[in-house]
Structure formats: structure tokens, C-alpha cells
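A structural walkthrough
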Amino acid sequence: MILEALEYATIPAPPWARRTGHLRELIAVEGRYRRHKAAWRPHLDNTKSTIMAAITRCKRRRTALVLGSGALYDIPLAPLAAHFDRVVLVDAAHPWRARAAALRFRNVAHVHADLSGVCDALLLGVAGGADTPPDPRISAIPNVAPDQVDLVVSANLMSQLPLVPSAFVARFLPLDAAAETRFARAILQAHLDFMHGFTGVTCLITDQTRETIDRDGETVHAKDALFGLDLPDPDREWIWDIAPLGEISRAEAVRNRVLAITTPAKDQQNTPSP
Ligand SMILES: C[S@@+](CC[C@H](N)C(=O)[O-])C[C@H]1O[C@@H](n2cnc3c(N)ncnc32)[C@H](O)[C@@H]1O
């Protein structure tokens, strides 16, 4: 608790990340990791090995962009730094753990960006009296030339993108369930479109389903974390025991079904066989 309060007070973060609640959420992820390291290990290892496999599919290795890098629990930073000229870690804020890890490499940079594309509009519009939720507009990542990017990783970020904005909107606008779903899906679709805008290899790793399970391991409830958005068939899938028994309740645990989709660079797609 004290550690988390100290981190909240000291992490350099843009005002929008503090005011919307992103910084609080980011620090909460670190707390959950500390409590459930062992249960999370297979998921973190699967994420890292998926990213490693994506690296091998990059013919050119100029810039690697990691979206939702957070505390870097699931990011193989040393191999990324070894294989690419430049690694750009993008998040709403970068915890001290991530800042310390990057100090070992001269080619790793941290960038703050709002990857949902709605935070400014939430603070200026919704909190200022607008009566509809904003359309997502994801800005270019500062100091990154998109045509230099040979790998883009979305690292367990996608399903998180609508959570803070939806909670923020709910404080100001009485949205019905259909409008809430439309807003969340628009944010998720904007993320896919943003990824598709790059010409390099893209590696999307996201949870798709959140399952509540009882003490016998039976699923009692399943929620689509992507609000019905269709994704291509995954290359890999696994379970993330995100909240083992005791985290949320003594009777029920939560696990995520995670999927990974790696797409070749645009100039490697549909290349006819020799
Ligand atoms: C579940 S964590 C991903 C785990 C992270 N790769 C790690 O190893 O710690 C989701 C990450 O997405 C980031 N995030 C969520 N919404 C964001 C937004 N709108 N803009 C930028 N980053 C965001 C969070 O700050 C968090 O670091």
C-alpha cells in the first residue's frame, strides 16, 4: 500500500493519465503482479515467447514499438534491444521498474501516449458537459516515424483500452448498455486500425474472454473482453490465471483466455510462392 502510494506520487506521468485514472490502474496491475507472480508466470512466458517469435519474422529491424509496455513483466526487453536499432515503449505512464530496466540499454526510449484516443476528449468534452461519448482519435506516437517501424507489439493492452474511459464516462453520462458497448467497441476497433496502419510485422496479444470459475474449476460466467469484436484466427492461445482464488473472492477465481495474432510485414503478405 505504502509502496503503491509512493509510486503514485513520484512516477512522471502526463496530467491526463492522472486525471482519468490510468495511473492508478497501472499501479494496481503492479500490485496484482506482486501478489500472483507464480500464477501469472506461464502467461508472462507465453507472451515473451510470442514476441520473440515475432522478432524472428522481421526482415528489417529498425524500430520496434511496444504498445502497453507497462512494468515490462511480459516484454523481452533485452532481445528487443539487441535485435532492433531502436525500441520505443509506449504507455500512459512508465513505472520505476520499467525506467530502471531501460537504463541498461542505450537504444530504448519511453514515450507517453494515449492509445485509446479518447482521453483528451473525456477531460475536455465529457467532463465539460458534452452529452455523447467521444469518437477515438489516436494521435501519431511522438518521435516515431511510422515507416521506420518494423515491429509493433500490442502487449496485453487491447482489452484494457476501454476500461478506464468507460468508467470515466459513466461518472458523467447515463449510457445504456448498447451505448456503452458501442463506445468500447469503437475504442477497440480504433486500436486494430492503428495497428493495421503500420507496414511492419504486427503482434497482437490480448485477452479475449474473462471467465469466472468456481472452486472445482467449473466456469460459472464468461464475458467477452472484446465486446463482440471479431479477430482473425489466432496463432496461439493460452490461459492467464489473472485472479486466483482469494484475489476477488474465496469462492471464485478469474482467468483470461489470451490469444496472439502475428501478421507479416505488408511487403511479405500475399507474396506468390516461387
Ligand atoms: C495489463 S497491462 C499490460 C502489461 C504490461 N505489458 C506489463 O508487462 O506490465 C495494460 C497496460 O496498458 C496500459 N494502458 C491502458 N490504457 C492505455 C491508454 N489509453 N494509453 C496508453 N496505455 C494504456 C496500462 O497503463 C498498462 O501498462
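Residues numbered from 1 in each chain as written. Predicted model: local features only at pLDDT ≥ 70, side-chain atom pairs only at ≥ 80, totals over all residues. Heavy atoms only, no water.

Residues in contact with the ligand amount to 20 residues; listed here are only the nearest, Gly 68, Tyr 73, Asp 74, Asp 91 and Leu 115. Burial of the ligand by the protein amounts to 94% of the accessible area it has alone, namely 590 Å². Looking at the shell around the ligand, its residues break down into ten nonpolar, seven polar and three charged. (Near = heavy atom within 4 Å. Areas by Shrake-Rupley, 256 points an atom, 1.4 Å probe, with all protein chains shown as cover. Nonpolar A, V, L, I, M, F, W, Y, C, P; charged D, E, K, R; others polar.)

What follows covers the packing of helix α1 (residues 2–10) against helix α3 (residues 22–56). Packed helices, taken two at a time, are described by their axes: the angle between them and the distance between them. Between α1 and α3, the least distance of the axes is 10 Å, while the angle of their chain directions is 145°. Note on packing geometry: the crossing formed by α1 with α3 is right-handed. The segment α1 lies against α3, with Leu 3, Glu 4, Glu 7 and Tyr 8 engaging Leu 23, Arg 24, Ile 27, Glu 30, Gly 31 and Arg 34. In terms of residue class, the contact of α1 with α3 is built from four nonpolar, one polar and five charged. (Axes fitted to C-alpha atoms, helices over the stretch in contact; angles between N-to-C directions. Helix = DSSP H or I, 4+ residues; strand = E, 2+ residues; numbered from the N terminus. Left-handed = near helix turned anticlockwise from the far one by under 90°. Contact = heavy atoms within 4.5 Å.)

With that settled, the discussion passes to the pattern of salt bridges. Tallied over the full model, the rule gives seven salt bridges. A salt bridge links Glu 247 to Arg 35; its shortest N-O distance comes to 2.9 Å. Note that Glu 247 is positioned in the loop between β7 (236–243) and β8 (252–263) and Arg 35 in helix α3, a separation of 212 residues in sequence. Overall, Glu 247 belongs to the partly exposed group, its relative accessible area being 24%. Here Asp 45 ties to Arg 41 by a salt bridge, and the two come within 3.7 Å at their closest N and O atoms. Note that Asp 45 and Arg 41 are positioned in helix α3 at a spacing of four residues, about one turn of the helix. (Salt bridge = Lys/Arg side-chain N within 4 Å of Asp/Glu carboxyl O. Buried < 20%, exposed > 50% of the residue type's maximum accessible area, 1.4 Å probe, protein only.)

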